[in-house]
Amino acid sequence: APTKEVHLVDSLNQVAYTYRYKNLDSSYHAASKAYQEIGLYSQGKAEACNNLGFCAFMRMDFEEAEKYYQTVYNLTKNELELLVADIGLMKIYQRTALNKEFYDYRNSALRRMKRIAEDNNLFADRHERMRLAYARSEFYIVSAIYYYYYLQQRPEALASINEVTENEELVKDTNQLLYYHYIKGSASLCDGETLDERRLKEFDELYTTWRLASQRGYLYFEGNGVQGLANLMASSDNYEFFQGRRSHALKQFGEPVDSLLPMRLGQLALEKFRQYNDIYQIAGAYVSIGRYLNAHGKYKQALDTLVCALECVNDHHRHFYDCHDSLDWLRAYDRRDTIYVEKAWLQQKLKTVPEWISRIREQLSVTYAGLGM
C-alpha cells in the first residue's frame, strides 16, 4: 500500500480509537472515513472494521457489529487484528447470553495470544505495540466481567483482572486505564484484609475513574464512575460509612454532601450517558436511581423510574427488531400476561440482553414488595 494511504488510514483509525469513549459519533465518523479511503491497505481496513464493530456494539446494534467483526476474517491474516475481532465477538455473545459462542471465540483469542507471544518481535512499530497492549488488556477485562457478573466466580475474575498490570503501555492508553479502574471498582475486584478495607478500595477505584475521565472528557467513564459510586452508597448505612471515611472525595462533585448525594450521582450518570447516547447505560442509570429510592422506602417514585428503564429496552427493540405491536413491549406488570414478553423474545432468538432486563426486574420486585403487592 502507498505510504500516504497507510499514514492517512492509521491516523483516522487512531482518531476513531481515541474518541470511542468520548463521542461515539466522532469515533464512527473517523472509522467510516478510514474504511472508505482504503485502496490497498488491507490491515488498515481490518482495523477500521474493528473500530466500526465497536461503535455498532455500543449502540447495541449486535447484527451490524457481528457483520463488521466477521468481515475482518476475510480481510487479513494479521493475527493482531484477528485477535481484536475475536474479543469483539466475545463481547457481543457475552452480552446476548450466547455462552457457547462466547467460549468459542475466547478459545480462539487464547490461541492467537499464544502464537503472538511466541514471536513478539513481529510487532515492532509503536502503533502495533499499543494495539497489542490494548487487545491483551481488553481480553482480560472482558473475561473478568464474564466470570464476575455472569458466573459469580470472584477468584477467577480476580485472576483475570490481575493479568492487566499497570505497565507503561496501559498508562499511555487512557481508554484501557479507565476501563481497568472502573471494572476493579464496580465488580469488587479489590484485595483487602477486611471487608471495610475492600469497600474503601472499591470507592477509590471508582473515584479515580470519575476524576480522570472528567479531567480528560471521557463521557462514558464519567457516567460509569459516578454510577458505580451511587450504587456503593445506595443504602443509608453505606452512605454514612463512606461519608465518614471519604468526605473529602465526596465534596469534589460540587453537590451538597447529604443523604441525597447518591441519588444526585445517579442523575449525573444519567445526564452523561444521555450525552454519550448509550441506551444500555441510560437504563442502568435509571436502575441505580431506582435502587436508591427502594433503599429509602420511596417505592412509588422507584416504580416510575424503573418503568423508564424498561422503556429503554422497548426503544431498543422497536429500533432494531421492528417491535411495533404494543403486545410485544415489556411492562412492569400486566395481569393478562401468560407468557412473559421477554421469554417470547428469547424463543424468537432475538439478540436481546437477558441480564439487562433481569437487573430491572430485580429492582421492580423490591419495589412491589415495598408496595405490598
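Rules used in this analysis
- Residues numbered from 1 in each chain as written.
- Predicted model: local features only at pLDDT ≥ 70, side-chain atom pairs only at ≥ 80, totals over all residues.
- Heavy atoms only, no water.
- Helix = DSSP H or I, 4+ residues; strand = E, 2+ residues; numbered from the N terminus.
- Rg over C-alpha atoms; globule rule 2.2 N^0.38 Å.
- Buried < 20%, exposed > 50% of the residue type's maximum accessible area, 1.4 Å probe, protein only.
- Contact = heavy atoms within 4.5 Å.
- Lys, Arg positive; Asp, Glu negative; His and termini not counted.
- Charge placed at Lys NZ, Arg CZ, Asp CG, Glu CD.
- Core = buried A, V, L, I, M, F, W, Y, C linked by side-chain atoms within 4.5 Å.
- Expected span 1.5 Å × (residues − 1).
- Polar contact = N/O pair within 3.5 Å; in protein donor to acceptor, adjacent residues only side chain to side chain.
- Salt bridge = Lys/Arg side-chain N within 4 Å of Asp/Glu carboxyl O.
- Phe/Tyr/Trp six-rings, centres within 6.5 Å; stacked < 30°, edge-to-face > 60°.
- Axes fitted to C-alpha atoms, helices over the stretch in contact; angles between N-to-C directions.
- Parallel < 35°, antiparallel > 145°, perpendicular 65-115°, else oblique.
- Left-handed = near helix turned anticlockwise from the far one by under 90°.

### Topic: the overall build of the protein
Argument step 1. Scanning the protein from N- to C-terminus turns up 19 helices and 0 strands.
Argument step 2. Rg of the C-alpha trace for the protein: 21 Å, near the compact-globule value of 21 Å for 373 residues, within the 12% margin.
Argument step 3. Based on the C-alpha atoms only, the size of the protein along its principal axes is roughly 70 × 50 × 35 Å.
Argument step 4. Residues classed as buried in the protein amount to 53% of the 373 residues present.
Argument step 5. The long-range share in the protein, meaning contacts at least 24 apart out of those at least 6 apart in sequence, stands at 64%.
Argument step 6. With 46 positive and 50 negative side-chain charges, the protein shows a spacing of 1 Å between the two charge centroids.

### Details of the nonpolar core
Argument step 1. Core analysis: the largest hydrophobic core is formed by 117 residues, its most contacted members being Tyr21, Ile183, Phe203 and Met233.
Argument step 2. Ranked by size, the runner-up nonpolar core spans 6 residues in total, among them Val9, Leu12, Tyr41 and Ala48.

### Describing the environment of Arg131
Argument step 1. The topology assignment puts Arg131 in helix H7 (residues 126-150).
Argument step 2. In this structure, the C-alpha to C-alpha distance between Arg131 and Glu81, residues 50 residues apart in sequence, is 8.6 Å.
Argument step 3. If we skip the residues at most four places from it in the chain, Arg131 touches Tyr17, Glu47, Asn50, Leu80, Glu81 and Val84.

### Topic: helix H16 (residues 279-295)
Argument step 1. When the terminal C-alpha atoms of H16 are compared, their 24 Å separation across 17 residues agrees well with the 24 Å that a helix rising 1.5 Å per residue should span.
Argument step 2. Counting buried positions over the 17 residues of H16 gives 14, a clear majority of the element.
Argument step 3. For H16, the side-chain oxygen to backbone nitrogen distance between the N-cap and Tyr280 is 3.1 Å, and the N-cap itself is Asp278.

### Observations concerning the pattern of salt bridges
Argument step 1. Counted under the stated rule, the structure contains 19 salt bridges.
Argument step 2. Asp196 is the partner of Arg199 in a salt bridge, and the nearest nitrogen-oxygen pair spans 3.2 Å. Of this pair, Arg199 and Asp196 both sit in helix H11 (residues 195-216), 3 residues apart, which is roughly one turn of the helix.
Argument step 3. Judged by relative accessible area, Asp196 falls into the partly exposed class, the value being 30%.

### A closer look at H7
Argument step 1. Taking 1.5 Å of rise per residue, 25 residues should cover 36 Å, and H7 covers 35 Å from first to last C-alpha, within 8% of that figure.
Argument step 2. Of the residues flanking the end of H7, it is Gln152, one or two places downstream, whose phi is positive at about 55 degrees.

### So, the packing of aromatic side chains
Argument step 1. Taken as a whole and assessed by the stated rule, the structure comprises 26 aromatic pairs.
Argument step 2. Each ring, one from Tyr280 and one from Trp356, has its centre 5.7 Å from the other, and the planes form 35 degrees; the classification is tilted. On the criterion of sequence distance, the pair formed by Tyr280 in helix H16 and Trp356 in helix H19 (residues 354-370) is long-range, its members being 76 residues apart.
Argument step 3. Through successive ring pairs, a cluster of aromatic residues spans Tyr21, Phe54, Tyr179, Tyr182, Tyr220, Phe221, Phe273 and Tyr276.

### Description of the side chain of Gln227
Argument step 1. Relative to the elements of secondary structure, Gln227 occurs in helix H12 (residues 219-232).
Argument step 2. Apart from the residues within four sequence positions on either side, Gln227 is in contact with Ala269, Phe273, Gln281, Gly284, Ala285 and Ser288.

### So, the packing of H12 against H16
Think of two packed helices as two axes; the pair is described by the angle between the axes and how far apart they sit.
Argument step 1. Two elements in contact, H12 and H16, have axes whose closest approach is 10 Å; the angle formed by their N-to-C orientations is 20 degrees. Considering their axes alone, H12 and H16 lie roughly parallel with respect to each other. Both H12 and H16 take part in a crossing whose hand is left-handed. Every residue of H16 that contacts H12 at Tyr220, Asn224, Gln227 and Asn231 is listed here: Gln281, Gly284, Ala285, Ser288 and Arg291.

### Remarks on the environment of Leu310
Argument step 1. Following the sequence through the fold, Leu310 ends up in helix H17 (residues 299-321).
Argument step 2. By relative accessible area, Leu310 is classed as buried at 2%.
Argument step 3. Sequence-wise, Leu310 and Gln347 are 37 residues apart; in three dimensions their C-alpha atoms are separated by 19 Å.
Argument step 4. With residues up to four places along the chain from it excluded, the contact list for Leu310 reads Leu330, Arg331, Ala332, Ile360, Arg361 and Leu364.

### Section: unusual backbone geometry
Argument step 1. Backbone geometry places Gln152, a non-glycine residue, at a positive phi of 55 degrees.
Argument step 2. Mapped onto the fold, Gln152 is located in the loop between H7 and helix H8 (154-161).
Argument step 3. Looking at Gln152, the relative accessible area reads 62%, which means it is exposed.
Argument step 4. Unlike most non-glycine residues, Asn277 shows phi in positive territory, near 65 degrees.
Argument step 5. Tracing the chain through its elements places Asn277 in the loop between helix H15 (261-276) and H16.
Argument step 6. What makes Asn277 exposed here is its relative accessible area of 55%.

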